There are 4 protein chains.
Amino acid sequence: MLIRIGHELIFEVPRPTPMLLMLYVHPDAARALRQPEAIQADPVGAVESFVDWFGNRAARIVAPAGTLRLRYDNVVEDTGRPEPTIEGLRLRSVADLPPECCRYLLASRYCEVDRMSAIAWDLFGKTPETWERVRAVVDWVHDNVTFGYQFSRPTKTAFDVFTERQGVCRDFQHLAITFLRALNVPARYATGYLGDIGVPRDPNPMDFSAWLEAYLGDAWYTLDARHNQPRIGRVLMGRGRDAVDVALTTSFGRTTLTGFTVWTELAA
Amino acid sequence: MLIRIGHELIFEVPRPTPMLLMLYVHPDAARALRQPEAIQADPVGAVESFVDWFGNRAARIVAPAGTLRLRYDNVVEDTGRPEPTIEGLRLRSVADLPPECCRYLLASRYCEVDRMSAIAWDLFGKTPETWERVRAVVDWVHDNVTFGYQFSRPTKTAFDVFTERQGVCRDFQHLAITFLRALNVPARYATGYLGDIGVPRDPNPMDFSAWLEAYLGDAWYTLDARHNQPRIGRVLMGRGRDAVDVALTTSFGRTTLTGFTVWTELAA
Amino acid sequence: MLIRIGHELIFEVPRPTPMLLMLYVHPDAARALRQPEAIQADPVGAVESFVDWFGNRAARIVAPAGTLRLRYDNVVEDTGRPEPTIEGLRLRSVADLPPECCRYLLASRYCEVDRMSAIAWDLFGKTPETWERVRAVVDWVHDNVTFGYQFSRPTKTAFDVFTERQGVCRDFQHLAITFLRALNVPARYATGYLGDIGVPRDPNPMDFSAWLEAYLGDAWYTLDARHNQPRIGRVLMGRGRDAVDVALTTSFGRTTLTGFTVWTELAA
Amino acid sequence: MLIRIGHELIFEVPRPTPMLLMLYVHPDAARALRQPEAIQADPVGAVESFVDWFGNRAARIVAPAGTLRLRYDNVVEDTGRPEPTIEGLRLRSVADLPPECCRYLLASRYCEVDRMSAIAWDLFGKTPETWERVRAVVDWVHDNVTFGYQFSRPTKTAFDVFTERQGVCRDFQHLAITFLRALNVPARYATGYLGDIGVPRDPNPMDFSAWLEAYLGDAWYTLDARHNQPRIGRVLMGRGRDAVDVALTTSFGRTTLTGFTVWTELAA
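Keep in mind the model is a prediction, meaning the values are calculated, not measured.

Check the secondary structure of chain A and you find four helices and 14 strands. Computed over C-alpha atoms, the radius of gyration of chain A comes to 19 Å, within 12% of the 18 Å expected from 2.2 N^0.38 for 268 residues, which places it in the range of a compact globule. Projecting the C-alpha coordinates of chain A onto the three principal axes gives extents of approximately 55 × 40 × 40 Å. For chain A, the proportion of its 268 residues judged to be buried stands at 60%. In chain A, 77% of the contacts between residues at least 6 apart in sequence involve partners at least 24 apart.

What follows is about the relation of the copies chain A and chain B. Here chain A sits on chain B after a turn of 180° about the axis and a move of 0.0 Å along it, with an RMSD of 0.0 Å. Here the two chains are linked by the operation of a two-fold rotation axis. Within chain A, the C-alpha atom positioned nearest to the axis of rotation is that of Arg109(A), 1.9 Å from it. Both copies contact each other with a shared surface, as 100% of the interface residues of chain A are interface residues in chain B too.

Bringing the packing of aromatic side chains into the picture now. Considering all chains together, one arrives at 60 aromatic pairs over all chains under this definition. Ring centres of Phe208(B) and Phe260(B) lie 6.0 Å apart, and the angle between their planes is 70°; this geometry places the pair in the edge-to-face category. You can see Phe208(B) sitting in strand E10 (residues 208–216) and its partner Phe260(B) sitting in strand E14 (residues 256–266), a full 52 residues away along the chain. By relative accessible area, which is 36% here, Phe260(B) ends up partly exposed. With a centroid separation of 5.2 Å and 70° between ring planes, the pair formed by Phe124(D) and Phe179(D) is classed as edge-to-face. Linking Phe124(D) in helix H1 (residues 113–124) with Phe179(D) in helix H4 (residues 169–182), this pair joins segments that are 55 residues apart in sequence. In this structure Phe179(D) comes out as buried when scored by relative accessible area, which is 0%. Chaining the aromatic ring pairs together yields one cluster made of Trp53(A), Phe54(A), Tyr104(A), Tyr215(A), Trp220(A), Trp53(B), Phe54(B), Tyr104(B), Tyr215(B) and Trp220(B).

Let's shift gears to the sheet that holds strand E4 (residues 48–51) of chain C. All names here are of chain C. With respect to topology, four strands assemble into an open sheet ordered E4-E5-E2-E13, the strand pairing being antiparallel. Bordering the open sheet on either side are E4 and strand E13 (249–251), each of which pairs with just one other strand. Across this sheet, the average inter-strand angle for adjacent strands is 25°, counted without regard to direction. Across three bridges, the pairing between strand E2 (residues 17–21) and E13 is antiparallel. Within E13, the position partnered with Leu20 by the bridge is Thr250.

Looking now at the pairing of strand E1 (residues 2–13) of chain A. Both E1(A) and strand E6 (residues 66–77) of chain A contribute to a ladder of 12 bridges, which runs antiparallel. Bridging from a neighbouring strand, Glu8(A) pairs with Arg71(A) of E6(A).

Residues and elements named next belong to chain A. At a minimum axis distance of 9 Å, the contact between helix H2 (residues 131–144) and helix H4 (residues 169–182) shows a crossing angle of 145°. Pair H2 / H4 crosses with right-handed handedness. For the pair formed by H2 and H4, the contact residues are Val134, Val137, Trp140, Val141 and His142 on the first element and Phe172, Leu175, Ala176, Phe179 and Leu180 on the second. Per-class residue counts for the contact of H2 with H4 are nine nonpolar, one polar and no charged.

This part is about the sheet that holds strand E3 (residues 40–42) of chain D. Residue and element names in this part refer to chain D. Pairing is antiparallel in the open sheet, where four strands are placed in the order E3-E6-E1-E14. The open sheet is flanked by E3 and strand E14 (256–266), the only strands paired with a single partner. Averaged over all neighbouring strand pairs, the angle between strand axes comes to 10°, with direction disregarded.

Time to look at the interface of chain A and chain B. The interface is formed by 34 residues belonging to chain A together with 35 residues belonging to chain B. Across the chain A to chain B interface the summed buried area is about 2,900 Å²; carbon plus sulfur atoms make up 65%. Contact with chain B buries area across many residues of chain A, yet Trp53(A), Arg60(A) and Arg109(A) alone supply 27% of it, more than any other trio. Summed over the shared surface of chain A and chain B, the result is four salt bridges.

Attention shifts here to H4(A). Residues and elements named next belong to chain A. The end-to-end C-alpha distance of H4, which contains 14 residues, comes to 20 Å, matching closely the 20 Å that a straight helix rising 1.5 Å per residue would cover. In terms of residue burial, H4 counts as a mostly covered element, since 14 of its 14 residues are buried. Looking one or two residues beyond H4, the residue adopting positive phi is Asn184, at roughly 70°.

Okay, the side chain of Thr255(C) next. Residues and elements named next belong to chain C. One can find Thr255 in the loop between E13 and strand E14 (256–266). A polar contact of 2.9 Å, which involves the side chain of Thr255, links it to the side chain of Ser251. Once residues lying within four places of it in the same chain are set aside, the contact partners of Thr255 are Phe11, Glu12, Val13, Pro14 and Thr17.

Moving on, we come to the pattern of salt bridges. Pairing is possible between side chains that carry opposite charge, provided their charged atoms lie close to one another. With the rule as written, the count across this model stands at 84 salt bridges over all chains. The salt bridge involving Arg234(C) is made with Glu83(C); its shortest N-O contact spans 2.9 Å. Highlighted residues: Arg234(C) in the loop between strand E11 (219–223) and strand E12 (235–240) and Glu83(C) in the loop between strand E6 (66–77) and helix H1 (113–124), separated in sequence by 151 residues. For the pair formed by Arg234(C) and Glu83(C), the shared burial category is buried. Among the ionic contacts, a cluster of salt bridges with common partners joins Arg115(A), Arg153(D), Lys156(D), Asp160(D) and Glu164(D).

All names here are of chain A. It is the contact of helix H1 (residues 113–124) with H2, at a shortest axis distance of 11 Å, that shows an interaxial angle of 105°. Here H1 lies roughly perpendicular to H2, going by the angle between them. Residue-level contacts link Trp121, Leu123 and Phe124 of H1 to Arg133, Ala136, Val137 and Trp140 of H2. The residue makeup of the contact of H1 with H2, split by class, is six nonpolar, no polar and one charged.

Cut-offs used in this document
Residues numbered from 1 in each chain as written. Chains lettered and ligands numbered in written order. Predicted model: local features only at pLDDT ≥ 70, side-chain atom pairs only at ≥ 80, totals over all residues. Heavy atoms only, no water. Helix = DSSP H or I, 4+ residues; strand = E, 2+ residues; numbered from the N terminus. Rg over C-alpha atoms; globule rule 2.2 N^0.38 Å. Buried < 20%, exposed > 50% of the residue type's maximum accessible area, 1.4 Å probe, protein only. Contact = heavy atoms within 4.5 Å. Least-squares fit on C-alpha atoms with pLDDT ≥ 70 in both. Phe/Tyr/Trp six-rings, centres within 6.5 Å; stacked < 30°, edge-to-face > 60°. Pairing = 2+ DSSP bridges. Axes fitted to C-alpha atoms, helices over the stretch in contact; angles between N-to-C directions. Left-handed = near helix turned anticlockwise from the far one by under 90°. Nonpolar A, V, L, I, M, F, W, Y, C, P; charged D, E, K, R; others polar. Buried area = accessible area lost by both parts, 1.4 Å probe. Salt bridge = Lys/Arg side-chain N within 4 Å of Asp/Glu carboxyl O. Expected span 1.5 Å × (residues − 1). Polar contact = N/O pair within 3.5 Å; in protein donor to acceptor, adjacent residues only side chain to side chain. Parallel < 35°, antiparallel > 145°, perpendicular 65-115°, else oblique.

As structure tokens, this is what we get:
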């Protein structure tokens, strides 16, 4: 199955401004791409990329004053199968986790594990110490938080989501990640493309999406506290502790996003 | 100059509990050690160490139920000179920072760069875009925050420090780091030993200390918003985005610290 | 000058729900009304009112399941002159304020005076201890906060406004009130009708508005950190410590606002 | 039964400073006093009192530069019986509460009812809609929060107590009050003397105490989420929405408390 993916972002830039971009497909997913990757940055010209410490491919540009247009287009081959589920998997003790998982047990900007630990144990302390605990967390967030674009704001943390019970996809994942870490389950934040293959058409415009990965058994598994069902055709772009680490663009100065188009659909 | 360093921590552990330890000297500083490094963990026995993604040397143990005693002792050779100052250094544009510095521009658990950006520019936006801006930040924090052990709490963030104007050494650094990042200066959190060589004797008991590192010119420089003067004899243990990343010990279950001794003094 | 004022609010109510309404004109302003006051609550019938401890006229109903329609319409006579300015007035010492003003020096839900005191003195401590200090606060808020309906949220406090620098009219007032109280100037929150008499037509739909009152000399003076100019035709509905005390409607159970129309314009 | 009550507070005052004092016995409790009330304020001289809008007796002084000594001593007659319990009482619907109770349903500085509403209904929504709901709230707070003087801080809110699970008596009450209001039960904050009559001697020094009052049936009932048992010999000093309204002393300028003694014990 071939999926066409891409995006076009347009910014107004009042004065030359450095920007970090995380707009490539993640190196782990890039072998399924049909074309070489390139960000067309108009009028910047060549874009140099590097791999950050999370393993994401990132770029850095200096946007000149004026209109900046960033464009990416590619085709990715997908298995066409829904992602695996976690049924039957065991939780790993912190004592025998791979060391590199430990970093995903800690608090981060949007995931206040320290403040939410007692709450997490109140809510989930009596669930079985297996995949069912992870399931319970993701179900709880899915069932108790209401989706709405108007509920988005840049400073919103897991704790805010817990009290306001409203948010966008990133907020759902932050809350679930925070609960999981408080329960000693490594959990990380992921972002990428997610179309509507195999599901009723979503009335929302196509957009980037966020999900999460939790470590069970011997691997990281994809979970999605917003949609809460296995999906076909996720294309990973970035992973990190939370949304701070995988912002699509980070401007070091004032810029204004004036155009935003994302596509992800079955290639004709 | 030889400095003897070490510590002894005692915990009561109600049931077997995994723990992460960051109690070694940092690999960058370890070449000055006179003895091989070892954490004596009684009654755990052998302790296995690994290097985390920040470059810190960490260990993981499972503390059995009962009393846990962690002990470390060593001698380190020091130049005997105060650390270099930042006078005259230039600030780097984000556009030409080494890519690995970029991670230290972002928000983290205790450093809410996103929420404090406007405040930072209000306070420091008119300072020269040189080392003097960094100096102004560190001076401001030093002058406006009152030190006191009773002001410490685990959930305290840079933002709390800004409003309460009270804290311990970690709080001073978190606030300065947050301002620096908001001003596009890479800043990271450091922890280690700091004695009183060359300064009037501090009435406080010897303790671990926190400081910060900022990137100017072509290197990271040590700054300390609490003491705010060049010091002799800092021995680095860990570096990270903030205190989350370099907690001396992280317990995945309930443990109680019942003994805490740190030493760092001129070797006889 | 005659101004026609009124509103129609429509709610969907899933089950019988008690509601508090603060939809009358304030008793201090009611003598200028041309008609007796009445809230038409359909299908509730008679609405009983009482005066709350702030001196506001309030009502309480039990909304039955179904659609609730609240309607108010009246005509008020206005002097046609802009409200007085504070130029030349002296600040009162806390020592000789009328006792009933003291309550408006304290912290409240949306005005965290305790947390913002140091910030207020940093920003305004060097202004003259006269009406100019009040002017400086209101100007600062007006100049540093950006208006936008999308920035509204029910839990937003003065502190949030200070860090996010965005909000609706209530947010502007909360921030200014908090600064004023921190500077020992009594300040209270006010809500009511505000049309566009004498000003360029506002592109926003007519709405209720919030402003503030500060105590200078021997009286309370109207100030408005959002519009920041003397206006003609404010019609007071409620006063309180902050928006908590003068919510137009408070539902003790889930209700959904489905219609909202406000009018305030020169009577033909 | 006669109880001797009183206190002595000593402040260092760097420059003349207005202060509000709430150091009298509450007018509702004052008829049981054996002596006329007086605050000896040395060197202020005469102290003028007024009744605030909550019905508390308050005073205002201007403390001159130097040492300020405030002293109060009295004897109060007590019934010697524990306060009544709430067993069997019904909860009132918001629809038929006395109007003056409604103010105690709203959010206040330390009681973020708006942010904690969903949490309160999660925890207590399935309890019977009777006195047992109130009992469940008070028991939950008592059982889940740990007492310790070191956990006190001036900015601590109910929400902080909920996440940190630690606090002093005022923190216990703030959390219980917030839950009760979220559940539509009027609840207010009270402060006063509380000795150890009829209970094992408390190892803590005598101190002022905080408790709460909730409206059930046709009256306000005393509850205490910290001690959680009926007590003998509470002497009420002040009531309000939360601790903001009944601070023992509020200084409008910097003062330092250097001495603090409270007595409340059976008169010989």
